[in-house]
Number of protein chains: 2
Amino acid sequence: MNKHAIGIDIGGTNTTIGLVSPDGTVVATTNLSTQEYSDSSKFMDDIVSGIRKLLGDHEGATVAGIGIGAPNANFSTGYIEANTANLRMKEPIAVCNILQDRFNIPAVASNDADAAAIGERIYGGAKECDNFVMVTLGTGVGSGFFVEGRLVHGANCMAGELGHLIVNPNGRDCSCGRKGCLETYTSARGICDTYRELVSKNAGTHDIAHLQQITCKDIGDLANKGDATAIETFRITARWLAIGLANAATFSNPEKIFLMGGPTRVGNPLLHPLNHYFSEQLLYIYKDRVSIELSQLNYNDAAILGAAALIHLK
Amino acid sequence: MNKHAIGIDIGGTNTTIGLVSPDGTVVATTNLSTQEYSDSSKFMDDIVSGIRKLLGDHEGATVAGIGIGAPNANFSTGYIEANTANLRMKEPIAVCNILQDRFNIPAVASNDADAAAIGERIYGGAKECDNFVMVTLGTGVGSGFFVEGRLVHGANCMAGELGHLIVNPNGRDCSCGRKGCLETYTSARGICDTYRELVSKNAGTHDIAHLQQITCKDIGDLANKGDATAIETFRITARWLAIGLANAATFSNPEKIFLMGGPTRVGNPLLHPLNHYFSEQLLYIYKDRVSIELSQLNYNDAAILGAAALIHLK
């Protein structure tokens, strides 16, 4: 922990490369526009150039390794898998091998939620916490589980898909083809669906076409201004999330459950009912033994810190 | 693994003490009637006598340790906790300390489901399987999770409460005070409730008082004789169990899920629809990567083998 790390956050729109100091400060960053690339070798060349630039600007920094967080990155193979949604590059990308060969330091890749969990462990609120769950709320819902100080990978490095926990077997259609997955209610998209359902119900046959573009942030702003429908939206969201988190507790008996991501930023309209329902839905043997906390990583740096922290997994 | 082990299965009605050979054969057993004891020191004295008798009868056997499986045994403290339902002895019982002191060999205690999981790992079908879930169906539903070759204990040794996964938030009342826990549908008791509901529905206002004493085994026998209501009972049971097992897979990405316990003995009326619904409810990324299997431990020996296997946890 006395060396710097490179963290690379690969998203569908942008890729950010950051140099992270041993104490978890993002010292400098550089960006690429992911969506402009259809050729992965050009993409990787430009990532290598970006890293070289950061290292050139900070010649005193000794770097322990390179961590890569991406939606479809596989920890065991070190590849971004083929046909990743939101990437124009459809072939598998050997990110770890390429970066290890160019820089001769370890490179580790994993999905965003696992990166968030290890980020919290190394730089955030879980430094002293061996048993915790990280839940990332965003376009989807992801999770990473730490058990006795170790991240749970599972047989195929596919553990921790809490977003696809079925919480309502006859509920909403999920993009996975099943019904009632947690993320159909608690992702940013699910929250917007709930709001539109409520408005539609209240307005009867009223046209809600103008609401197609509303965002989770918009609904959060409305809730914080006292809009009753927006407040009810987050109450419903909180109940489903509480059931999902209570179910997570029955698996791994964590001390803490951390939340990260856009929808958490609404604050009390979500968090107040969440604590109420979590207390109601939690199995009694866990009462007072597990708490819900917000990630202690700075929101803007979290993805880079999570990626950088991955180098501590090996 | 070249030594014998003592396995003690403490149940509300009976306690069985067994001597287990290194290859997983139950060489000899002796029994106590748990329900006759209200004084735990007398109970422990009689357990000590039972162990002495087994060892006296098999003087050539070197014993590595003593494992104790009990519904409310705590792995980290080595105690059976206070006020265990079904035990007349209400004080905490220091089973591990007492047995270690008397025999000067290690003693390890854990709950039945964890014992079943480690039993499968040491003596059964999970010898080569690092990532699996053991689900025990009985009066309740329990579970034990192995992740990367290690049993998941959790922060308070309370991990693996799959029976209390909420699968139907507006569903049946559970003894835990919440609604729609997996065990309200898939325990022996839950299966009987489903059968009675179906009979009551089919019979209209017909009196079903005569069904109060029906057992899960009775319903299994009816199903195997072709009784349509009993067959429908197990179809419904299988659907809920499939949702619970699919949810377990999203947590730990296991290679195998083992089932153990009375309700599994009905065979095809449960297992055939279970495989159908599991395939339907499993998140697509796990398809062909996880299978449901029956425990390979002999039904009558499973509890003793699980208890004996606990000594391999330390």
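So, here is what we can say about the structure in this document. Note that the coordinates shown come from a computational prediction; the quantities given were computed from them, not determined experimentally. (Residues numbered from 1 in each chain as written. Chains lettered and ligands numbered in written order. Predicted model: local features only at pLDDT ≥ 70, side-chain atom pairs only at ≥ 80, totals over all residues. Heavy atoms only, no water.)

## Observations concerning the packing of helix α3 (residues 112-123) of chain B against helix α9 (residues 302-309) of chain B
Residues and elements named next belong to chain B.
Consideration 1: Contact pair α3 / α9: the axes reach a minimum separation of 7 Å and the direction vectors enclose 85°. The orientation of α3 relative to α9 falls into the category roughly perpendicular. Counted together, A115, A116, I118, G119, I122 and Y123 of α3 and L305, G306, A307, A308 and A309 of α9 form the full contact between these two elements.
Consideration 2: Tallied by class, residues from the contact of α3 with α9 come to nine nonpolar, two polar and no charged. (Axes fitted to C-alpha atoms, helices over the stretch in contact; angles between N-to-C directions. Helix = DSSP H or I, 4+ residues; strand = E, 2+ residues; numbered from the N terminus. Parallel < 35°, antiparallel > 145°, perpendicular 65-115°, else oblique. Contact = heavy atoms within 4.5 Å. Nonpolar A, V, L, I, M, F, W, Y, C, P; charged D, E, K, R; others polar.)

## Looking at the packing of aromatic side chains
Consideration 1: Counting across every chain of the model gives twelve aromatic pairs over all chains.
Consideration 2: Ring centres of F145(A) and F251(B) lie 4.6 Å apart, and the angle between their planes is 70°; on these two criteria the pair is classed as edge-to-face. Placement of F145(A) in strand β7 (residues 141-147) and of F251(B) in helix α7 (residues 228-252) is noted, with the two residues assigned to different chains. Note on accessibility: F145(A) and F251(B) belong to one class, buried.
Consideration 3: By the ring-pair criterion, three or more aromatic residues cluster together here, those being F145(A), F251(A), F145(B) and F251(B).
Consideration 4: Just above the ring of W240(A) sits the side chain of R239(A); from NZ or CZ to the centre is 5.4 Å. (Phe/Tyr/Trp six-rings, centres within 6.5 Å; stacked < 30°, edge-to-face > 60°. Buried < 20%, exposed > 50% of the residue type's maximum accessible area, 1.4 Å probe, protein only. Lys NZ or Arg CZ within 6 Å of the ring centre and 35° of its normal.)

## Focus on the nonpolar core
Across soluble globular proteins, nonpolar side chains show a tendency to be buried alongside one another.
Consideration 1: If you look at the biggest cluster of nonpolar residues, it comprises 112 residues, and the most contacted ones within it are L245(A) and L245(B).
Consideration 2: With 13 residues, α7(B) is the single largest residue contributor to this core.
Consideration 3: Judged by nonpolar contacts, the second largest core, of 31 residues, contains V48(A), L54(A), I80(A) and A107(A). (Core = buried A, V, L, I, M, F, W, Y, C linked by side-chain atoms within 4.5 Å.)

## As for unusual backbone geometry
Residues and elements named next belong to chain A.
Consideration 1: In this model, N253 sits at a positive phi of 50°, which is unusual for a non-glycine residue.
Consideration 2: Following the sequence through the fold, N253 ends up in the loop between α7 (228-252) and β9 (256-260).
Consideration 3: Taking the relative accessible area as the measure of exposure, N253 reaches 0% and is therefore buried.
Consideration 4: In this structure, D288 is a non-glycine residue whose phi angle is positive, near 65°.
Consideration 5: Mapped onto the elements of the fold, D288 is located in the loop between α8 (268-281) and β10 (291-294).
Consideration 6: Taking relative accessible area as the criterion, D288 reaches 82% and is therefore assigned exposed.

## Some details on empty space enclosed by the protein
Consideration 1: Under the counting rule described, the total for this entry stands at one cavity of 30 Å³ or more.
Consideration 2: Looking at the largest cavity, its volume works out to about 90 Å³.
Consideration 3: The wall of the largest cavity is formed by V147(A), E148(A), R150(A), L151(A), V152(A), V147(B), E148(B), R150(B), L151(B) and V152(B).
Consideration 4: For the lining of the largest cavity, the elements supplying multiple residues, two or more each, are β8 (150-151) of chain A together with β8 (150-151) of chain B. (1 Å grid on protein atoms, 1.4 Å probe; cavity = no way out; pocket = protein on both sides within 12 Å on 5 of 7 lines; lining within 4 Å. Points joined across faces, edges and corners; volume = space filled by probe spheres on them.)

## Examining the interface of chain B and chain A
Consideration 1: Counting residues at the interface gives 45 residues for chain B and 43 residues for chain A.
Consideration 2: Summed over the shared surface of chain B and chain A, the number is two salt bridges.
Consideration 3: With a closest N to O distance of 3.8 Å, R150(B) and E148(A) form a salt bridge.
Consideration 4: Where chain B meets chain A, there are 26 residue pairs in polar contact (both at pLDDT 80 or more).
Consideration 5: Elements supplying a minimum of two residues to the side of chain B that touches chain A: β7 (141-147), β8, α7 and α8 (268-281) of chain B.
Consideration 6: Among the elements that line the side of chain B that touches chain A, the one with the most residues is α7(B), at nine residues.
Consideration 7: Of the residues in the side of chain B that touches chain A, the class split is 25 nonpolar, twelve polar and eight charged. (Salt bridge = Lys/Arg side-chain N within 4 Å of Asp/Glu carboxyl O. Polar contact = N/O pair within 3.5 Å; in protein donor to acceptor, adjacent residues only side chain to side chain.)

## Some details on the sheet that holds strand β5 (residues 107-110) of chain B
All names here are of chain B.
Consideration 1: On the basis of which strands lie adjacent, the open sheet formed by five strands has the order β3-β2-β1-β4-β5 and mixed pairing. Looking at the sheet topology across the chains shown, the edges are occupied by β3 (26-32) and β5. Here the strands of the sheet are splayed against their neighbours by 15° on average, with no regard to which way each runs.
Consideration 2: Looking at chain direction, strand β1 (residues 4-10) and strand β4 (residues 63-69) are connected through five bridges and run parallel. Within the sheet, the bridge partner assigned to I8 lies in β4 and is I68.
Consideration 3: Where helix α1 (residues 40-57) meets the sheet, its contacts fall on β1, β2 (15-20), β3 and β4, and the angle it forms with β2 comes to roughly 30°.
Consideration 4: Packed onto the sheet, helix α2 (residues 95-103) meets β1, β4 and β5 and runs at close to 160° relative to β5. (Pairing = 2+ DSSP bridges.)

## Some remarks on the relation of the copies chain B and chain A
Note on the chain copies: they are related by a rotation about an axis and a translation along it.
Consideration 1: Screw-axis analysis of chain B against chain A gives a translation of 0.0 Å along the axis, an RMSD of 0.1 Å, and a rotation angle of 180°. Taken together, the rotation and translation describe the operation of a two-fold axis.
Consideration 2: When you check the interface residues of chain B against chain A, 96% turn up at the interface there too, and the contact is symmetric in its surfaces. (Least-squares fit on C-alpha atoms with pLDDT ≥ 70 in both.)

## A closer look at the sheet that holds β9(A)
Residues and elements named next belong to chain A.
Consideration 1: One open sheet accounts for five strands, arranged β8-β7-β6-β9-β10; its pairing is mixed. Sheet topology places β8 and β10 at the edges, where each strand pairs with a single neighbour.
Consideration 2: Direction of pairing for strand β6 (residues 132-137) relative to β9: parallel, over a ladder of five bridges. Following the sheet pairing, T136 is matched in β9 by M260.

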